[in-house]
Amino acid sequence: MKGKKQTTVKGIEISYRRIEEEEYISLTDIARYKEAEYPSDVIGNWMRNRHTVEFLGVWEKLYNPNFNSLNYEGVDKEAGRNGFVLTPKRWIETVHAIGIKTSMGRYADTLAHKDIAFKFASWLSVEFELYLIKEFQRLKQKEQQLLEWTAKRELARVNYRIHTDAIKENLIVPTLTAAQISITYASEADLLNVALFGKTSSDWIKENSDKKGNMRDWANVEQLLVLANLESYNAVLIEQAIPQSERLVQLNKMAKKQLETLSSIAVNKSRLLSIPDKMENK
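All of the points below concern the structure found in this document. (Residues numbered from 1 in each chain as written. Predicted model: local features only at pLDDT ≥ 70, side-chain atom pairs only at ≥ 80, totals over all residues. Heavy atoms only, no water.)

Describing the overall build of the chain
Here is step 1: Along its length, the chain carries 11 helices and 5 strands.
Here is step 2: Split into buried and exposed, the 282 residues of the chain put 36% on the buried side.
Here is step 3: Counting only carbon and sulfur atoms, one obtains 53% of the accessible surface of the chain, whose full area is about 17,500 Å². (Helix = DSSP H or I, 4+ residues; strand = E, 2+ residues; numbered from the N terminus. Buried < 20%, exposed > 50% of the residue type's maximum accessible area, 1.4 Å probe, protein only. Areas by Shrake-Rupley, 256 points an atom, 1.4 Å probe, with all protein chains shown as cover.)

Spelled out as structure tokens, the structure:
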């Protein structure tokens, strides 16, 4: 299956992918924690268990509007008996299951919704289940942080467009050449860089020749948020025909104040989060 990602849990490479906004984890990879050579046998042993069939049935009833309840009753009656065999493929075809996905061929794999994958992991090893859950919680938190950073970065891009439009309408007169216009844009961009970072883009590049991108690509979330505000405020100052030197002073003061405020908020939040721990230790 395309679009799969990988992570490592207890030395085992676990692949996963997003299907219709839900996380599906490889049961095949999880099974290798117990049996590296024949993981499909481990999955088969788990699925023939009566408690497993009951769990899978309840899950499908909750989330699958096309679940074949009538066929499920037949599977449920046979579950746990001697000679009962249930494979992922048979389960999917019999009840029209959506909680488990299979792929055939050289790289055959069985994926399951994270709810089912965690259940399978707990059947194998409670320790492995806890490590698996912890790892996916970490991945989810990392993904959320990335989305937050991207949103702030996009906000800065939008405000930059407002900023450049203000420059075009108020600072760049029709008689300027294309080269002069680009210099004016660069000058205003560096005005914000100096106000926030204390250096121009070229200064940063000289100091960080080993890094790709520019200083804004390496900025943290707080700096990007302040940068977006500076761009909007600078556009207002430009429209008021305030000289660049005066704008630099005002923008620098604004940047310092906002960063101090954000820092204060972060400190207070950290203190609030630590209160329950202190109370528990009493």
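Here the narrative resumes.
Thoughts on the layout of surface pockets
Here is step 1: Each pocket or cavity is described by its volume, and for the largest pocket that value is around 320 Å³.
Here is step 2: If you go around the largest pocket, you meet 16 residues; those closest to its centre are Tyr-16, Glu-23, Leu-139, Lys-140 and Glu-143.
Here is step 3: Elements with a minimum of two residues in the lining of the largest pocket: β2 (12-19), α6 (114-124) and α7 (126-170).
Here is step 4: With 8 residues, α7 is the largest single contributor of residues to the lining of the largest pocket.
Here is step 5: Residues that form the lining of the largest pocket fall into these classes: 6 nonpolar, 2 polar and 8 charged.
Here is step 6: Space inside the second largest pocket adds up to approximately 270 Å³. (1 Å grid on protein atoms, 1.4 Å probe; cavity = no way out; pocket = protein on both sides within 12 Å on 5 of 7 lines; lining within 4 Å. Points joined across faces, edges and corners; volume = space filled by probe spheres on them. Nonpolar A, V, L, I, M, F, W, Y, C, P; charged D, E, K, R; others polar.)

Considerations on the nonpolar core
Here is step 1: Formed by 36 residues in total, the largest nonpolar core has its most connected members in Ile-30, Trp-91 and Phe-120.
Here is step 2: For this core, the secondary structure elements donating two or more residues are β2, α1 (27-31), α2 (39-47), α3 (50-63), α4 (69-78), α5 (88-95), α6 and α7.
Here is step 3: Per element, the largest residue contribution to this core is 6 residues, and it comes from α6.
Here is step 4: Counting residues in hydrophobic clusters, the runner-up holds 17 residues, among them Phe-197, Leu-230, Met-254 and Ala-255. (Core = buried A, V, L, I, M, F, W, Y, C linked by side-chain atoms within 4.5 Å.)

Description of α2
What sets the pattern is the α-helix's 3.6 residues per turn: residues three or four places apart point alike.
Here is step 1: Among the residues of α2, Pro-39, Val-42, Ile-43, Gly-44, Trp-46 and Met-47 are the ones counted as buried.
Here is step 2: Elements that come into contact with the buried residues of α2 comprise α1, α3, α5, β4 (100-103), β5 (109-113) and α6. (Contact = heavy atoms within 4.5 Å.)

What to know about the packing of α3 against α6
Here is step 1: Contact geometry for α3 and α6: axes closest at 11 Å, N-to-C directions at 165°. With respect to their mutual orientation, α3 and α6 come out roughly antiparallel. In this structure, α3 meets α6 at a crossing whose hand is right-handed. On α6, the residues touching Phe-55, Leu-56, Trp-59 and Tyr-63 of α3 are Asp-115, Ile-116 and Lys-119.
Here is step 2: Looking at the contact of α3 with α6 residue by residue, the classes come out as 5 nonpolar, no polar and 2 charged. (Axes fitted to C-alpha atoms, helices over the stretch in contact; angles between N-to-C directions. Parallel < 35°, antiparallel > 145°, perpendicular 65-115°, else oblique. Left-handed = near helix turned anticlockwise from the far one by under 90°.)

Some points on the side chain of His-113
Here is step 1: The topology assignment puts His-113 in strand β5.
Here is step 2: Here His-113 falls in the buried class, since its relative accessible area comes to 5%.
Here is step 3: A polar side-chain atom of His-113 sits 3.0 Å from a polar atom in the side chain of Glu-22.
Here is step 4: In this structure, His-113 is in contact with Glu-22, Glu-23, Tyr-24, Trp-59 and Gly-99, ignoring residues within four places of it in sequence. (Polar contact = N/O pair within 3.5 Å; in protein donor to acceptor, adjacent residues only side chain to side chain.)

Notes on the packing of aromatic side chains
Here is step 1: Across all of its chains, the model carries 8 aromatic pairs by this definition.
Here is step 2: Between Tyr-72 and Trp-91, the ring centres sit 6.1 Å apart and the planes meet at 80°, which makes this aromatic pair edge-to-face. Taken together, the residues span a long stretch of sequence, with Tyr-72 in helix α4 and Trp-91 in helix α5 at a distance of 19 residues.
Here is step 3: Residue classification places Trp-91 among the buried positions, given a relative accessible area of 0%.
Here is step 4: Cluster of aromatic residues (ring-pair linked, three or more members): Tyr-16, Phe-118 and Phe-136. (Phe/Tyr/Trp six-rings, centres within 6.5 Å; stacked < 30°, edge-to-face > 60°.)

Details of helix α10 (residues 221-239)
Here is step 1: Spanning 19 residues, α10 covers 28 Å between terminal C-alpha atoms, matching the ideal 27 Å at 1.5 Å per step.
Here is step 2: When we look at burial in α10, the residues that qualify are Val-221, Leu-224, Val-226, Leu-227, Ala-228, Leu-230, Glu-231, Asn-234, Ala-235, Leu-237 and Ile-238.
Here is step 3: Capping the start of α10, Asn-220 holds a side-chain oxygen 2.7 Å from the backbone nitrogen of Gln-223, two or three residues further along.
Here is step 4: Once α10 ends, the next one or two residues include Ala-241, with phi positive near 60°. (Expected span 1.5 Å × (residues − 1).)

So, the pattern of salt bridges
Here is step 1: Taken as a whole, this structure holds 14 salt bridges when the rule is applied.
Here is step 2: Two residues, Asp-29 and Arg-32, come together in a salt bridge whose shortest N-O distance is 2.6 Å.
Here is step 3: Arg-32 sits in the partly exposed class, given a relative accessible area of 34%.
Here is step 4: Across the pair Glu-188 and Arg-247 runs a salt bridge, and its minimum N-O distance is 2.8 Å. With Glu-188 in helix α8 (residues 178-197) and Arg-247 in helix α11 (residues 244-280), the pair connects residues that are 59 residues apart, well separated along the chain.
Here is step 5: The class of Glu-188 is buried, set by a relative accessible area of 2%.
Here is step 6: Residue Arg-247 is classed as buried on the basis of its relative accessible area, which comes to 2%. (Salt bridge = Lys/Arg side-chain N within 4 Å of Asp/Glu carboxyl O.)

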